[in-house]
Amino acid sequence: MDGTFSLTRRRLLAAGAATALSNYAWAAGSDKPEKEEVKVGFIPLTDCASVVMASVLGFDKKYGIKIVLSKEASWPAVRDKLVNGELDAAHVLYGLVYGVHLGAGGPKKDMAVLMNLNHNGQAITLSKKLADKGAVDGASLAKLMRTDRREYTFAQTFPTGTHAMWLYYWLASYGINPMQDAKMITVPPPQMVANMRIGNMDGYCVGEPWNHRAIVDGIGITATTTQDIWRDHPEKVLGTSAEWVKQHPNTARALIAAVLEAGRWIDASLSNKVKMAEAIADKSYVNTTVDVIGQRIMGRYQNGLGKTWDDPNYMKFFNDGAVNFPYLSDGMWFLTQQKRWGLLKAEPDYLAVATQINQIEAYRDAAGMAKVSLPKSPLRSVKMIDGTVWDGKNPKAYADSFKIKA
């Protein structure tokens, strides 16, 4: 495994150096997009912003394509439409793409991650009823669950998705086994607040603006942010099928480049963030008030119990390209957690799967087109909330090392 990794890493680094030295001349000739209209799905969440703004601001036209946006109702709907080709690509959960590729949680189809869309900016909300009993963070939740015994229900947005993984990791880091000590349900993001209001769950993990919305509506509190679990974690990706990339390589590059430009535009200034919030709050996109989006986009947080803070690790869409590179180690981390929680029965070839799915070559080409810097390595290192370090170098040992698992 180590030999394979070294070889792959050398190959990727060499490809990166070659890309950096290349002189890009993307003309209308052989580089012309094979498909001019690209149907891109999204779910009403703040982190759909770069995909939406690439269309709204016309960055797509710059690269010879037209993004046709398609608002979807749930992650299973996005999955099915990517699998059957109804959507060309989508704003989608990282772990969903990996789950489909391996046949975990639905139909099996070779999939592709074109780029990361954002870092950070999700949260775990606990109901006001739990907070009133003293459960306001991980430690106090664990204490309440030990003393006030009943069935506790928590919601995530898709079985192999990012929110399920953040929720399970967080609970386990406080000694709560999500598979044994609580009931886990799946709820579409825009329906989280309504379900908590009627008492269907004690807590949930979801993207914004649906955590801040629970505070505004007085029904929930923010127990933690996902950036507290893993600072600068990968979140949504621009996903598609492997078959689509193979058939439309120029279109894929154009799409990545357009979304990169939109992410760079959002992160460039405070006024751009405000304009973005105003645009995506519209009923055709997220369908909420501008303020519900705007607060946390600026890094201004409140927990619903009187505490407010400025978080430097708020949702980012570009951060000089650091957000968008499809790191192999990020993809492998989701596989380790899917294995940990019994979603994958067999041990996958972590590096091989991540290398198949994450379209590093296409991303490098698109980054060249959009003049975006590239990292030195396809792996990165991170220290998680429980003190463990993940660097992608020994995924099997990492996956096997957790005391709390399925």
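All values derive from a computational prediction rather than experimental measurement. (Residues numbered from 1 in each chain as written. Predicted model: local features only at pLDDT ≥ 70, side-chain atom pairs only at ≥ 80, totals over all residues. Heavy atoms only, no water.)

A.B. asks: What is the right way to look at the overall build of the protein in this model?
C.D. replies: When helices and strands are counted, the protein shows 19 helices and 14 strands. Taking 406 residues into account, the globule formula puts the C-alpha radius of gyration at 22 Å, and the protein, at 20 Å, falls close to it. Structurally, the protein occupies a C-alpha span of about 70 × 50 × 35 Å along its principal axes. Counting over 406 residues, the protein shows a buried share of 60%. Carbon and sulfur atoms provide 50% of the accessible area of the protein, an area that totals close to 15500 Å². Within the protein, the 40 negative side-chain charges are centred at a point lying 2 Å from the centre of the 48 positive side-chain charges. (Helix = DSSP H or I, 4+ residues; strand = E, 2+ residues; numbered from the N terminus. Rg over C-alpha atoms; globule rule 2.2 N^0.38 Å. Buried < 20%, exposed > 50% of the residue type's maximum accessible area, 1.4 Å probe, protein only. Areas by Shrake-Rupley, 256 points an atom, 1.4 Å probe, with all protein chains shown as cover. Lys, Arg positive; Asp, Glu negative; His and termini not counted. Charge placed at Lys NZ, Arg CZ, Asp CG, Glu CD.)

A.B. asks: Looking at this structure, how should I read helix α17 (residues 350-357)?
C.D. replies: Owing to its 3.6 residues per turn, the α-helix aligns residues three or four sequence positions apart on the same side. When we look at burial in α17, the residues that qualify are Tyr350, Leu351, Val353, Ala354 and Ile357. Considered in projection along α17, the buried side chains sweep an arc of 165° and stay on one side of the axis. (Arc of directions from axis to C-beta.)

A.B. asks: Help me understand the sheet that holds strand β4 (residues 111-116) in this model?
C.D. replies: Pairing between the strands of a sheet is mediated by backbone hydrogen bonds and can be parallel or antiparallel. Overall, mixed pairing links the five strands, which are arranged β2-β1-β3-β10-β4 in an open sheet. Single-partner strands in this sheet number two, and they are β2 (66-71) and β4. Taking each pair of neighbouring strands and ignoring which way they run, the sheet shows an average axis angle of 35°. Most of the contacts of helix α2 (residues 49-56) go to β2, to which it runs at about 135°, and overall it touches β1 (37-42), β2, β3 (89-93) and β10 (236-241). (Pairing = 2+ DSSP bridges. Axes fitted to C-alpha atoms, helices over the stretch in contact; angles between N-to-C directions. Contact = heavy atoms within 4.5 Å.)

A.B. asks: Please clarify how the environment of alanine 49 should be interpreted in this entry.
C.D. replies: You can see alanine 49 is positioned in helix α2. A relative accessible area of 0% means that alanine 49 is categorised as buried. Residues alanine 49 and isoleucine 280, spaced 231 residues apart in sequence, show a C-alpha to C-alpha distance of 6.6 Å. Those residues in contact with alanine 49 that sit more than four places away from it in its chain are Ile266, Met276, Ile280 and Phe317.

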